[in-house]
Amino acid sequence: MIGLLIAAQLAVTVRAPDTVIVGSPTVVVVSATAAGVALPRVSAPQGDAFRLTLVGEASQVSVVGATRSTKIEQQFQLVARRAGFFTLPPFEVTGHGTIARSSPRRIVARVGTANTAVPLVISRARLGEEEGVALRAVAAPDTVYVGQQVTYQVGVFLDDDVRVRLRRNPEFIPPEPRGMLAYELPAPPPRTAYGKGGARYEAHVFQRALFPLNAGRYVVPQAQLVYALPLSSSFFSREESRTARADSVLVVAVEPPAAGRPTDYAGAVGELSADVRVDSTAAREGDPLVVTVSVSGRGNVKLLPRPALAVPWGTVVPGDERVRVDTASVAVRGVKEFDWIVTPRAAGTLSLPAVRYPFFNPYTERYEIAVTPPRSIDVAPGTLASIDSAPARVDSAPLMPLRPTLRAPVDAPVEGHPVFWAVALLAPLPAAAAAVARRPRRAPRAVAPADALRALATGRGTSDAAQVRRAYVGALADRLALSPGALASSSGALAQALARAGVTVEGARAAESLLASLDGAAYAPGGRAPAGVARAAATAFDRVDREALPRLALAARAAARLATRASGSHPWVPVLVLLLAGAATLGAGVLRAAVDDEPSRAFSAGMAQYHARHFADAARLFDSAAEQLPRAADAWANFGTASWAAHDTAAAAVGWQRAMRLEPLAADVRDRLALVGAPEEGGIASVPRLPRAAAPLAALATWATGWALICAGVLRRRRGAAGARRPGVGAQLAPWGAAAVTLSLALAVGAREVTSRFDARGLAVVVDRGPLRALPALAADAGPGLYPGDVARVGRRDGAWAHVELDAGREGWVEWSRLVPLALPHSAAEGGREQ
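Fair warning: this is a prediction, and the values are worked out from it, not measured in the lab.

Peer 1: Explain a nonpolar patch on the surface here, please?
Peer 2: A contiguous nonpolar patch, built from V37, V61 and V63 and spanning about 270 Å² of accessible area, is present on the exposed surface. We classify V37 as exposed; its relative accessible area is 52%.

Peer 1: Quick question: what am I supposed to make of the sheet that holds strand β2 (residues 19–21) here?
Peer 2: Strand pairing in a sheet relies on backbone hydrogen bonds. The paired strands run either parallel or antiparallel. Pairing in this open sheet of three strands is mixed, and the strands run β2-β10-β7 from one edge to the other. Of all strands in the sheet, those bounded by a partner on one side alone are β2 and β7 (84–88). Ignoring strand direction, the axes of neighbouring strands in this sheet form an average angle of 35°. Sheet topology places β7 next to strand β10 (residues 105–110); five bridges connect them, and they run antiparallel. Directly across from T87, in β10, lies its bridge partner R106.

Peer 1: Is there a simple way to explain the sheet that holds strand β6 (residues 67–80) in this structure?
Peer 2: Taken together, four strands build an open sheet; the order of strands is β1-β3-β6-β5 and the sheet is antiparallel. Only two strands of the sheet have a single neighbouring strand rather than two, namely β1 (10–15) and β5 (50–64). For this sheet the average axis-to-axis angle between neighbouring strands, irrespective of direction, equals 15°. Relative to β6, strand β3 (residues 26–35) is paired through ten bridges, and the arrangement is antiparallel. Note that in β6 the partner of A32 across the bridge is I72.

Peer 1: Explain the nonpolar core to me, please; I cannot follow it from the model alone.
Peer 2: One broad rule of soluble globular proteins: the nonpolar side chains tend to lie buried together. Counting 46 residues, the largest nonpolar core has Y610, F622, V669, V765 and V791 as the members making the most contacts within it. Residue assignment for this core shows that the elements contributing at least two residues are α13 (572–611), α14 (615–628), α15 (633–645), α16 (649–662), α17 (667–676), α19 (729–759) and β33 (763–766). Examining the composition of this core, we find that nine residues originate from one element, α16, more than from any other. When near neighbours in sequence (up to four residues on either side) are disregarded, Y610 contacts L399, M400, L402, F615, A618, T641, A642 and A645.

Peer 1: Would you explain the pattern of salt bridges in this entry?
Peer 2: Pairs can form between side chains of opposite charge whenever their charged atoms are close. Tallied over the full model, the rule gives 28 salt bridges. Taken together, the shared-partner salt bridges connect R277, R322, R324, E337 and D339 into one network.

Peer 1: Explain the pairing of strand β29 (residues 366–371) here, please?
Peer 2: Every other side chain in a regular strand lies on the same face of the sheet, so the side chains alternate between the two faces. As paired elements, strand β28 (residues 356–361) and β29 share six bridges and run antiparallel to each other. Looking across to β29, one finds that R356 is bridged to V371. Here β28 folds back onto β29, and the loop between the two strands holds four residues, one of which, E365, carries a positive phi near 55°.

Calculation notes
- Residues numbered from 1 in each chain as written.
- Predicted model: local features only at pLDDT ≥ 70, side-chain atom pairs only at ≥ 80, totals over all residues.
- Heavy atoms only, no water.
- Patch = residues over 30% accessible without salt bridge, like charges linked within 9 Å, V, L, I, M, F, W, Y side chains within 5 Å.
- Areas by Shrake-Rupley, 256 points an atom, 1.4 Å probe, with all protein chains shown as cover.
- Salt bridge = Lys/Arg side-chain N within 4 Å of Asp/Glu carboxyl O.
- Buried < 20%, exposed > 50% of the residue type's maximum accessible area, 1.4 Å probe, protein only.
- Pairing = 2+ DSSP bridges.
- Helix = DSSP H or I, 4+ residues; strand = E, 2+ residues; numbered from the N terminus.
- Axes fitted to C-alpha atoms, helices over the stretch in contact; angles between N-to-C directions.
- Core = buried A, V, L, I, M, F, W, Y, C linked by side-chain atoms within 4.5 Å.
- Contact = heavy atoms within 4.5 Å.

Treat this as a map of the structure, not an account of what it does.
Next comes the structure, spelled out in structure tokens:
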């Protein structure tokens, strides 16, 4: 343990164990002392049989009289890479131009559990003299490769005084790291540790095995210990609750190196071996047998990917996977078995080829390959039909019918048209305008011009001539739907307006004469109204009210006059609008004819290629037509049929699914989707059997009807002679209108769900066979299988991975390259298969 003393001013001391466990980290402590205040420099050796990593450093300057000395202490993590004997070369310490070396040490590395060794968290712990309770945490190694084990340890240190005072067991709260798989490891037995000043602690160790899933920096949160101590030595003393926390720990994960990586490497990390077995060494041609490849060793076997199995004399179908994990020791070990269903296509003594399983060994830091031994299988002759005659039968098989003509593209969704939203936004405006017009006045007087005039006639108003004139003119203007200025602009204007409104000549003359007398009285000195003039004005207004046309007819006539005046001021505007509309229609027709010519040629060529049994070329031509006319249901339907004939199940599902969403009532594509095996009824891919625009139009019609009923109810409310409202038909229409508006909102919610089914937003079709992964990594545990033509709902994305949900409760992560988005394109730029 004691190094060489090179000079009186420089000394080095090394403390290292004589026996270590392969792969388990142990601590080597190097202490160097030099005269003066300059720190000596320590150089650590390296070798192929071990790895040394600096994990801690401390320094101290001592002054004794006139002599000063500096001491540095460094802690290294020693990991043996293989079993056997190896020599730890000398450590070199440089100071004041002098070099001191420690003695080399011979260390034994053996394979076995490390539970008998001192836990790393105890050997590294620096405890004070009066801490009472202390928590220390460590992760070793702190820098690993993705998929390599990190041993996380938390040490709970209790001094003798605290152990005596504790009345119940403390509560330990371990951290929950993110982005890493964790396994609980067995706890080593309690040990005794010592702090500064000789303080003695009882040490309890909690440990976990952590496996990073991706490269990056991971922070393991603080561990906590909650305990309670009595405030005095009395048995009935109250307790004080306390919490001790360990420091958070940083772990860095890096990707395995690219140099030397085998081409068939799939992400396996560990120290592994492989074997193969067959459920029977005697088989029969055409009868399936089970081949099992088992990969075992040190590492997280749950993340091991499936190896590649190629059998030239049979068909191979992946089967089940089984995992057994052993956490009885500090190093996690286990075995993962992969099954294949192999059906022999030939008879005789056949050889099962060796299976290569490349992996990265983080302990030797190089890529290695586990190879299974070859196996011989005796296959007896069977009754398996030869496939050589299949092409001749395929050529004579009847073809699935195509859609013969390319019809016009399906119209864009009605809810995306501006007129749809214009109607929805304008529907409440008439009811709102009627409600504002019928809103009761807060003022106690002059609730209406006619009421104001009648109030003056009954004597409740003043006898001011100007006020009577204003009330008289205002009542007539309100009744005739004219402005007060138009009635009093000139002599005879009122009589002409009354005549146009249908009032008799006598009535018009009487009203005009009364207005002239009111003008003279209003502008005379004093402005006093003659006696009885207000009653005469009310009588004249009542006669006009009886003889004139209805208010609604007068209002319509006023609107017509405004329209005529507007068009008369610019007579060329309607003509220009008509010319522009005609030109736009003609141009659109010419452009549509020019654009539609190319898709029609591609569609016709696809028909010819399909009947010539060139199915791949036909699918390509139908795809070209669909790219140019993304809403052509016939192009998508034929694309799916040609792809099915070309044995492209995923493309067939895409074409038929899109055609069904464009024409939900078409029975041909629904029947053909049943061939794919992906359910289109009642599942994720379900499409309602009703027209595309039915649900939005139903909601819009109910919305507009409800507001129309509310508007009619407001307009038909009648007022009494004194302004009091009386119940009538309007009181019955308004509640029905409110109920219709409420129903329309519920229909809008349902319509949104229905239209989302048609649009297929967030849906994708599975391209090829493969497993669902529990995590977004190739090495993650495989779950249920995916099959071409499956329709999946795509959730969140993580780089090249997507989380999907499928029917039958299947969910997990899959590579984005295995999916084709199913969303219907609304423009040519969005068309195509989007592969």
